[in-house]
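# Observations on the three-dimensional arrangement
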Amino acid sequence: MSDQNDKLKQLKTSSMDRRLSIARASLLAGTRWAASSASSIFSSDAEKEKKRKKAMKEQAEYLVSEIGKLKGSIVKIGQMMALYGEHFLPEEITQALNTLNNQTVALAWPAIKEQLVSQLGSKLNDLTIDREPIGTASLAQVHRAIRKSDGLELVLKIQYPGVADAIDSDMSLFKNMLKLTRMVPQTREFDQWFDEVRDMMHREVNYRIEAETTRRFAERLKGDARYIVPQIIDEYCTGQVLCMTFERGVPINSPVMLSLPQERRNLLGEASIEIAIREIFEWGEMQTDPNFGNYLVRLGNGENIQDKIVLLDFGAIRQFDASLLTVACNLMIAGYEHNAEKMVHAMTGYEFFDHMPLSIKPDMAKVFLLATESFSTPENNPELPPGVMDDQNRYDWKKSQLHSRVIQRASKSMASRYFSIPPKEFMFISRKFIGAYTFMTVIEAKTNVRKMLQPFL
């Protein structure tokens, strides 16, 4: 944890201060960008492109460093744009925005305590709170606590003061910044995604919704010993403080995970993807943030106590309409059968697909068939790489290199504009499955995905 001297004493929440900081940085970046473009006017096309990429990388990194100094909602906006914006932002900008995840500096205890007093009042006397946070983010930080009356271990997710009120102004600030730099085309798709990020931001700071969602998922999974969902402690929850039980576990990418026997890793892998399948086929809503920080693993003993996945964060829940869910289910079933004709037919009943020329769909179907390769079998999918699936239909995620192969296949289809801007709802679903796929790859799991779909066929 960073030293107390490294912590912020307060957030720069003044709208004027933030606007001046970003406007100054944006104008400087825009001027440099224009100067760079002018300096290459007599260069060859190849040299122009090389200089363009270099200049954009430099100016994007400069802008991101200025954003990182402000903290609060504008940093979270940048993180979300990095996560979901690769289809309308230049690669150099998304790469720079991705570094914002490493720039979270804790807010010093006096400022956090002041926020707790304003939110909890005298209830604060019930708790002994660790002054050092166990987690920091752009919108909040998390502190462990003990309830004095019974020793119950808790965590308090404490929203930084003023960030919820600053979302709309920070969104405008971020958009104006991109306009001023002239590095990002202002398109209809960009505006749609920007509005979606705004909605996600407002949902993320609504802790009452997050508390209710956490309780809903806890109820759904209460009879399944493979999962742990923290219990919400309403007594210490407010609009800007979320209190829940402290749940122990190790990170997914901890070295201890690979020391587990193969069968235990397989079971954890199955549990990770089964959640995503049930969210689509059964619940109609999905936790769309696949960040590994949202999961822990509580290790069993390999005998009578099984390993469990701890689900930590329900602030990024998305609910989907019936037409989208029908399409998503049909796409997965077509993948289960590895049937190209059914995959094409599944792409109906949803505006994005219904407006797509029929000539485009077969190429898109090939991408979806590859993405659902683990749902198929050697019997119905002759294109399965040798050795990637055993006689129990367990798919070897590390050996498959599926993610990189899907990217390569999709890139071949990018010549069509219909592949350039997928609907945002599909991006949320694909992100979740990419997260589950990555989970299984990291722990080198071998899982039978087919059997998870069979109850829904």
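Before any of the text, the structure's been laid out above.
This one's a predicted model, so the numbers in the text were calculated from it and none came from an experiment.

Right, let's get into empty space enclosed by the protein. Summed over all chains, the structure comprises 3 cavities of 30 Å³ or more. Approximately 190 Å³ is the volume found for the largest cavity. The wall of the largest cavity is formed by 19 residues, among which Ser272, Ile275, Tyr295, Leu311 and Lys432 lie closest to the centre. Elements with a minimum of two residues in the lining of the largest cavity: helix H10 (262–283), strand S9 (308–311) and helix H17 (424–442). Along the lines of polarity and charge, the residues of the lining of the largest cavity split into 12 nonpolar, 4 polar and 3 charged.

Topologically, methionine 244 is positioned in strand S6 (residues 241–245). Excluding residues that lie within four positions of it along the chain, methionine 244 makes contacts with Leu154, Val155, Pro230, Gln231, Ile232, Ile233 and Leu312.

What follows deals with the nonpolar core. Grouped together as the largest cluster of nonpolar side chains are 117 residues, with contacts concentrated most on Leu116, Phe174, Ile280, Phe353 and Phe433. Apart from residues lying up to four places away in sequence, leucine 116 is in contact with Trp109, Gly121, Leu124, Ile129, Leu156, Ile158 and Val241. Counting residues in hydrophobic clusters, the runner-up holds 8 residues, among them Ala140, Ala211, Ile232 and Leu242.

Now for the packing of helix H7 (residues 188–204) against H17. Interhelical geometry of H7 versus H17 gives an angle of 55 degrees and a closest axis separation of 11 Å. If you check the angle between H7 and H17, you find them oblique. Across from Trp193, Glu196 and Met200 in H7, the residues of H17 making contact are Lys424, Met427 and Phe428. Along the lines of polarity and charge, the residues of the contact of H7 with H17 split into 4 nonpolar, no polar and 2 charged.

Rules behind the numbers
- Residues numbered from 1 in each chain as written.
- Predicted model: local features only at pLDDT ≥ 70, side-chain atom pairs only at ≥ 80, totals over all residues.
- Heavy atoms only, no water.
- 1 Å grid on protein atoms, 1.4 Å probe; cavity = no way out; pocket = protein on both sides within 12 Å on 5 of 7 lines; lining within 4 Å.
- Points joined across faces, edges and corners; volume = space filled by probe spheres on them.
- Helix = DSSP H or I, 4+ residues; strand = E, 2+ residues; numbered from the N terminus.
- Nonpolar A, V, L, I, M, F, W, Y, C, P; charged D, E, K, R; others polar.
- Contact = heavy atoms within 4.5 Å.
- Core = buried A, V, L, I, M, F, W, Y, C linked by side-chain atoms within 4.5 Å.
- Buried < 20%, exposed > 50% of the residue type's maximum accessible area, 1.4 Å probe, protein only.
- Axes fitted to C-alpha atoms, helices over the stretch in contact; angles between N-to-C directions.
- Parallel < 35°, antiparallel > 145°, perpendicular 65-115°, else oblique.

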